[in-house]
Every structure is written in C-alpha cells, then in structure tokens.
Amino acid sequence: MDDGEFPALHRDLLLLPDPERLEPVARATHKPRVLLLYGSLRERSYSRFATEEAARLLDLMGAETRIYDPRDLPVANSVPVDHPKVQELRAFSLWSEAQVWCSPEVHGAVTGVMKNQIDWIPLAEGAVRPTQGRVLAVMQVSGGSQSFNAVNTLRLLGRWMRMVVIPNQSSVARAYEQFDEAGRMLPSAYYDRVVDVMEELLRFTLLLRDRSAYLVDRYSERKNAVARSIGTL
C-alpha cells in the first residue's frame, strides 16, 4: 500500500492486530480485585445495601473486594490531593482490576456523592492511568418505578474514564421494599439481576485483566511518547 494514501499517519507506529498478543504469557493467580463505590450518605442507604450485597456475592465467587466509604470525602478540588480520603480512594482504584458503581437516582440523575468520588479519580497521574482498562459494572436504586437514568450516566462516565463497561446492569426499583431491616436484599427478580451482573463482572475481569495492557495500547499515545522522547512535544 502506498504510504502517500495516508499522509497524516505514522506507519511505523501503527500496530496491526496480533492474535498472539491476546494470549497472556502468564496468568495472574491472585483473586480478582474489585472496588465498590456507592452514592449515598444516608444511615439507611439502599445504594450501600445493594453494594454490600454485591460484595458478598463477589466474595462468594472468589473475588477480593473493598468498599470505599464516601463519608468525609471533600468536594472535588476543594482540598489538596494529599488529603487522606482522596489518597485512600485513589489507592483503591489503582489496586482494583474491576469496579462496581452503584448510585441512587435523584432528580433523574446520579447523586453528587457518586459523582464526587468519580471526579476525584484522575484520568492520568503521571504515566499511570488509575481506571484505564479496568472492568466496570453499574447499578442503581430508585425510590419509585424502575428507571435507567443513573446507570446510563454511570456508563457514560465509565467510558470517559476508559473503562470496559460490561453489557449487563442492575436497576432496583422501589428500593425501600427490597431490603429487610438488617439491610439484606430480599428474594426477587431484582436480586437475581444483581447476581447476574456480578457473575458477568467476574468473567469479564478474568478475561481481560491479563490482556488489558495490549487492549488499551493506543496509536496516539505511542506517537506522543516518541515526540516526548525526542523533545518535539
């Protein structure tokens, strides 16, 4: 092919698909690492209950989970990044191979508590991308009839954070009817969907975690790296 057909392309930096690179040289043997975020500070928080239920399922299926407590996390950019709650959140994100985001729907959108946590996680931190290539499952709880506004927003945010958002999702309607006094989720089709989503999340995590470096290797970033190395950027 004549290189003149692509005058804007650096052909030497273009990588053709290589099926062999999709087969890991070595597979990780540790438990899948899943970070779970929820979007409410209420004492009886249904998004927290749903998140805790998801974590129990993930633990049962062999994952290692961490739930971040958003209480006392300052508003994004109101304090330096060395604030302990910010550092804890960012460390959890770097530790994770997958994440679960669960928000209430308020006024047809995710809560400020949910968005604030995501806003504190940077797209890039030096050469490190705290969320790129990680697998994401999204969930929401609603006080009324079933809606998908919050999960749709979470999907958008996940894509923006360069995460792999799994196809399945959970939306729990009339959440106040779905949990007992201890905060455990009652048997229902909503509960079954949470199980579905956690199963799918772990499968995608196991599929992608040893391949993510290759899957997110981008032409534009290779080009910028070369430019920086020769001092033209």
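Conventions we followed
- The written sequence of each chain sets the order in which its residues are numbered from 1.
- At least 70 in pLDDT is required for a residue's local features to be given in this predicted model, at least 80 for side-chain atom pairs to be given and counted, and no such filter applies to totals for whole chains, interfaces and linings, which use all residues.
- Water and hydrogen atoms play no part in the side-chain values, which are based on all heavy atoms of the structure.
- Think of it this way: any DSSP run of H or I at least four residues long counts as a helix, any run of E at least two long counts as a strand, and we number them from the N terminus.
- Contacts are residue-level and defined by heavy atoms, with any inter-residue pair within 4.5 Å sufficient.
- The sign given to each residue is positive for Lys and Arg and negative for Asp and Glu; His and the chain ends receive no count.
- Think of each charge as sitting on NZ of Lys, CZ of Arg, CG of Asp or CD of Glu.
- The buried label goes to any residue with under 20% of its type's maximum accessible area, the exposed label to any with over 50%, and the partly exposed label to all in between, with areas taken from a 1.4 Å probe on protein chains only.
- A pair of strands is considered paired only if DSSP assigns at least 2 bridges between the two.
- For the handedness criterion, the strands are oriented away from the viewer, and a crossover whose path from the first strand over the helix to the second runs clockwise is classed as right-handed.
- Think of each axis as a best-fit line through the C-alpha atoms, taken over the contacting stretch in the case of a helix, with angles from 0 to 180 degrees between the N-to-C directions.
- Oblique is the label for any angle not covered by the other classes, which are roughly parallel (under 35 degrees), roughly antiparallel (over 145) and roughly perpendicular (65 to 115).
- Each crossing gets its hand from how the near helix is turned against the far one by less than a right angle, where anticlockwise is left-handed and clockwise is right-handed.
- Basically, the charged four are Asp, Glu, Lys and Arg, the nonpolar ten are Ala, Val, Leu, Ile, Met, Phe, Trp, Tyr, Cys and Pro, and anything else, Gly included, counts as polar.
- The nonpolar core is taken to be a set of buried Ala, Val, Leu, Ile, Met, Phe, Trp, Tyr and Cys residues, with the residues joined through side-chain atoms within 4.5 Å.
- Any carboxyl oxygen of Asp or Glu within 4 Å of a side-chain nitrogen of Lys or Arg constitutes a salt bridge here.

Caption draft 1: Spotlight on the overall build of the protein. Scanning the protein from terminus to terminus reveals 7 helices and 6 strands. Along the three orthogonal principal directions, the C-alpha set of the protein runs to about 65 × 40 × 35 Å. When contacts within the protein are restricted to residue pairs at least 6 apart in sequence, long-range pairs at least 24 apart make up 77% of them. If you average the places of the 29 positive and of the 30 negative side-chain charges in the protein, the two averages end up 2 Å apart.

Caption draft 2: Focus on the pairing of strand β1 (residues 33-38). Extensive coverage of β1 is indicated by the burial of 5 of its 6 residues. Pairing of β1 with strand β2 (residues 64-67), which is carried by 4 bridges, proceeds in the parallel orientation. Among the inter-strand pairings, leucine 35 is bridged to a residue of β2, identified as arginine 66. With respect to chirality, the unit in which β1 leads through helix α1 (residues 46-60) into the neighbouring parallel β2 is right-handed.

Caption draft 3: Layout of the packing of α1 against helix α5 (residues 189-208). Between α1 and α5, the least distance of the axes is 10 Å, while the angle of their chain directions is 50°. Taken together, the axis directions place α1 and α5 in an arrangement best described as oblique. Crossing geometry of α1 relative to α5 is assigned as right-handed. Taken together, the residues of α5 that come into contact with α1 (itself represented by Glu53, Ala54, Leu57 and Leu58) are Tyr191, Val194, Val195, Met198, Leu201 and Leu202. Of the residues in the contact of α1 with α5, the class split is 9 nonpolar, no polar and 1 charged.

Caption draft 4: Here's a closer look at helix α3 (residues 112-120). Among all positions in α3, only Met114, Asn116, Gln117, Ile118 and Trp120 are buried. Buried residues belonging to α3 abut β1, α2 (84-95), β3 (98-104) and α4 (149-160).

Caption draft 5: Fine view of unusual backbone geometry. Within the chain, asparagine 77 stands out as a residue other than glycine whose phi angle is a positive 70°. Considering the arrangement of structural elements, one finds asparagine 77 in the loop between β2 and α2. Take asparagine 77: its relative accessible area is 71%, and that puts it in the exposed class.

Caption draft 6: Region of the structure containing the pairing of strand β4 (residues 135-141). A large share of β4 lies buried, amounting to 7 of its 7 residues. Where burial is concerned, the two faces of β4 agree: the one with Val135, Ala137, Met139 and Val141 and the one with Leu136, Val138 and Gln140 are both buried. In the sheet, β3 pairs with β4 via 7 bridges, with the strands oriented parallel. Bridging across to β4, tryptophan 101 finds its partner in valine 138. Here β4 pairs with strand β5 (residues 164-165) via 2 bridges, running parallel.

Caption draft 7: Representation of the nonpolar core. In this structure, Val34, Leu58, Val100, Met139, Met198 and Leu201 are the most contacted members of the largest nonpolar core, which totals 28 residues. Of all the secondary-structure elements, those providing two or more residues to this core are β1, α1, β3, β4 and α5. The contacts of leucine 201, once residues within four sequence positions are left out, are Val34, Leu58, Ala98, Gln99, Val100, Val135, Leu136, Ala137 and Ile166. If you look at the next biggest cluster of nonpolar residues, it comprises 23 residues, including Leu73, Leu89, Met114 and Val138.

Caption draft 8: Region of interest: the pattern of salt bridges. With the rule as written, the count across this model stands at 12 salt bridges. The partner of arginine 48 in a salt bridge is glutamate 52, and the shortest N-O contact between them spans 3.4 Å. With a gap of 4 residues between them, arginine 48 and glutamate 52 both fall in helix α1, about one helical turn apart. Residue arginine 48 is classed as buried on the basis of its relative accessible area, which comes to 18%. One continuous salt-bridge network, built from bridges that share partners, spans Glu53, Arg56 and Arg184.

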